[in-house]
Amino acid sequence: MKKILECIKTELEPAFEACGYDRSYAKAVLSNRPDLCEYQCNGAMAAAKAYKKKPIEIAGQVVEKLAGSPMFSLAEAVMPGFINLRLSETWLADYLTGMRREKKLGVEEVRDGGTIIVDYGGANVAKPLHVGHLRSAIIGESIKRMGRFLGYHMIGDVHLGDWGLQMGLIIEELRSRQPELPYFDPDFTGEYPAEAPFTIGELEEIYPAASAKAKTDEAFKARAQEATFQLQNGYAPYHALWRHIMNVSLADLKKNYASLDVSFDLWKGESDAQPYIPWLIQDLQDKGLAHESQGALVVDIAEEGDAKELPPCIIRKSDGAALYATSDLGTILEREKDFAPSKYIYITDKRQELHFIQVFRTAKKAGYVKPETPMVHVMFGTMNGKDGKPFKTRDGGVMRLENLVAEIDDAVYERIMENRTVSEDEARDTAKIIGLAALKYGDLSNQASKDYVFDMERFISFEGNTGPYILYTIVRIKSILTRYAQGGGQAQPEGAAILPASSPEEKALQLQLTRYNEMVETAFAETAPHKICQFIYELSDEFNKFYNSTMILKEEDASKQAGYIRLITLVKDVLETCIDLLGFEAPERM
Ligand code: ARG
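Computed from a prediction, not measured in an experiment: that's the story for all the values here.

**Q** Give me the overall build of the protein chain: which residues, what numbers.
**A** Along the protein chain, the regular secondary structure elements total 20 helices and 13 strands. Considering only C-alpha atoms, the protein chain reaches an extent of 90 × 65 × 45 Å along its principal axes. Of the contacts formed within the protein chain by residues at least 6 apart in sequence, a portion of 73% connects residues at least 24 apart. Of the accessible surface of the protein chain, which amounts to about 26900 Å², a share of 50% is contributed by carbon and sulfur atoms. Measuring between centres, the 69 positive side-chain charges of the protein chain sit 4 Å from its 88 negative side-chain charges.

**Q** Explain the site of the ligand residue by residue, including any values.
**A** In the region of the ligand, the neighbouring residues are Asp119, Gly122, Asn124, His133, His159, Tyr324, Asp328, Tyr346, Thr348, Gln352 and Phe356. Between the ligand and His133, the relevant distance is 3.3 Å, taken from an oxygen atom to a side-chain nitrogen or oxygen of the residue. A total of 360 Å² of accessible area belongs to the ligand in isolation, and the protein chains cover 86% of it. A majority-of-atoms criterion places the ligand in the largest pocket. Looking at the shell around the ligand, the elements with two or more residues in it are α11 (324–339) and β10 (343–349). When grouped by side-chain class, the residues that make up the shell around the ligand number 3 nonpolar, 6 polar and 2 charged.

**Q** Quick rundown of the packing of helix α4 (residues 89–101) against helix α20 (residues 558–582)? Include the residues and the values.
**A** Between α4 and α20, the shortest axis-to-axis distance is 11 Å and the interhelical angle comes to 55°. One finds that α4 runs oblique with respect to α20. Along this stretch, α4 crosses α20, giving a crossing that reads as left-handed. In this structure, α4 contributes Leu96, Met99 and Arg100 to the contact, and α20 contributes Arg566, Leu567, Leu570 and Val574. Looking at the contact of α4 with α20 residue by residue, the class counts come to 5 nonpolar, no polar and 2 charged.

**Q** Break down the side chain of Gln40 for me, with residues and values.
**A** Tracing the chain through its elements places Gln40 in strand β2 (residues 39–41). Engagement of the side chain of Gln40 in a polar contact is seen with the side chain of Asn42, the distance being 3.1 Å.

**Q** A description of the nonpolar core should follow, citing residues and the corresponding values.
**A** Counting 157 residues, the largest nonpolar core has Leu12, Leu87, Tyr516 and Val574 as its most contacted members. Per-element tally for this core: the top contributor is α20, with 13 residues. Each residue touching Tyr516, except ones within four places of it in the same chain, is listed here: Met99, Lys104, Leu105, Val107, Phe149, Phe535, Val574, Thr577 and Cys578. Core analysis: the next-biggest nonpolar cluster, separate from the first, contains 30 residues, Ile277, Leu280, Leu284 and Val359 among them.

What counts and what doesn't
Residues numbered from 1 in each chain as written. Predicted model: local features only at pLDDT ≥ 70, side-chain atom pairs only at ≥ 80, totals over all residues. Heavy atoms only, no water. Helix = DSSP H or I, 4+ residues; strand = E, 2+ residues; numbered from the N terminus. Contact = heavy atoms within 4.5 Å. Areas by Shrake-Rupley, 256 points an atom, 1.4 Å probe, with all protein chains shown as cover. Lys, Arg positive; Asp, Glu negative; His and termini not counted. Charge placed at Lys NZ, Arg CZ, Asp CG, Glu CD. Near = heavy atom within 4 Å. Polar contact = N/O pair within 3.5 Å; in protein donor to acceptor, adjacent residues only side chain to side chain. 1 Å grid on protein atoms, 1.4 Å probe; cavity = no way out; pocket = protein on both sides within 12 Å on 5 of 7 lines; lining within 4 Å. Sits in = over half its atoms within 2 Å of the grid points. Nonpolar A, V, L, I, M, F, W, Y, C, P; charged D, E, K, R; others polar. Axes fitted to C-alpha atoms, helices over the stretch in contact; angles between N-to-C directions. Parallel < 35°, antiparallel > 145°, perpendicular 65-115°, else oblique. Left-handed = near helix turned anticlockwise from the far one by under 90°. Core = buried A, V, L, I, M, F, W, Y, C linked by side-chain atoms within 4.5 Å. Buried < 20%, exposed > 50% of the residue type's maximum accessible area, 1.4 Å probe, protein only.

Any link to function would need more than the numbers given here.
As structure tokens, then:
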């Protein structure tokens, strides 16, 4: 469906042309003076220079041509040469009726958008998920959903950290605890047990213990490095142990991501990139891109015009070990082979900025990724505590994701029970739904690249720019619709029209709705979920103003009332679609 600003432009173009001015001046924007008008065209100001006339003269001529246009209830030229516009109520209502009839409420799907890889989550196997992984999961899930909604073939890949030193550390720690295990007997020839020699609870305790030990015990660390090296070179007993670590850890990760309503199409990891690495290293050398530098193999990526000098991408360390960048390049080779993506989107902490510049430039230089394929790194800032420092538990430890989620759910539960109207069970379920919305909205409503303060009290508040406020608005609409239907109301025959606004509040609400399709496209193009949040916050506000000024259920004129019902149904549909794009949902009651 044509976007509202394009509709206005199309209406203005013939007016400019009829006066002898180029159509390119016929652009409209949202007004920055809503008290004076809804949209404005500043084209006369620009045209004035080209045609050597006074802007107000041009604006006046164009406005004359707009007289009688069914689109505007106001088109006036004001000093020094703006064209102020207001939409006619009838035209606006027709536009919304059009939205109501469209499958996606006016959002167009792309044709041949191709496959887009979204690399997010990025959990590390055997290490518990912590809040640092939270942002990647939440932002990535939203971006994936937006793209999918717009008709792209989106592939979400968790890209696990499953191949690093943590594996060697766990293996060595296990050896010191359970030396009798067959994995540590070089003469063992039988089948390795199908059962893992640890539970998830044990595994989560083993890794931090081993990691702490490696900091003080050099010999232990050296053994762990050796074990990592052996694993990476295919030593069968360690590979069998690695499988166990993977299985146990994955089951737990899947549970955690599911509780966040985050899902992946691919559960690949750094280990899957390993088969590509020997070829990669050879190829980069054959192409003359990789060269030795202090024993390491590196690719220069600095380019003219860089603001600062960028260090080369290290492909292989002097001890022969492959690195994080090597894995990412191997992964790109695999993704090109499997999907030939039209775009890559990676979501990580902004501290990885240099890493991705190095990887992207190397991939392009080597021709693994086509020059025109966008490779986007969505960088996010830190989630801080109220003290402005990275978020920690009360006793200063790293907050585990599941504990964080549980804390929010509990706080919401308390709030619901304060003035409780529902059973304890329902309150528990509802608290989960609202808690997730509070958490995700609290994160997504900030521009991703900025740090933000995790403020539980604010996030779970039912007022202000919060997830619960949005949910509250949806629930309020649902309840009006239910009561209307219970009273026998029948407002919704297929395709029935939205009626022209009869109050300023109703018009403001309608105008806000028209921004929907453009907003969704922009939010995805700019990988900016906060634009969806901003939009639904404003839409909720407009709805609530309308609600407070309008007797919907007490309206006596049945057809007028039916018009209201259709309008607020559209508001609900738009809000529900948007929160789905953000990755959460609304409860029935709250
Ligand atoms: N595992 C990494 C970490 O915890 C994130 C992975 C991001 N994705 C990537 N392709 N490098 O920092």
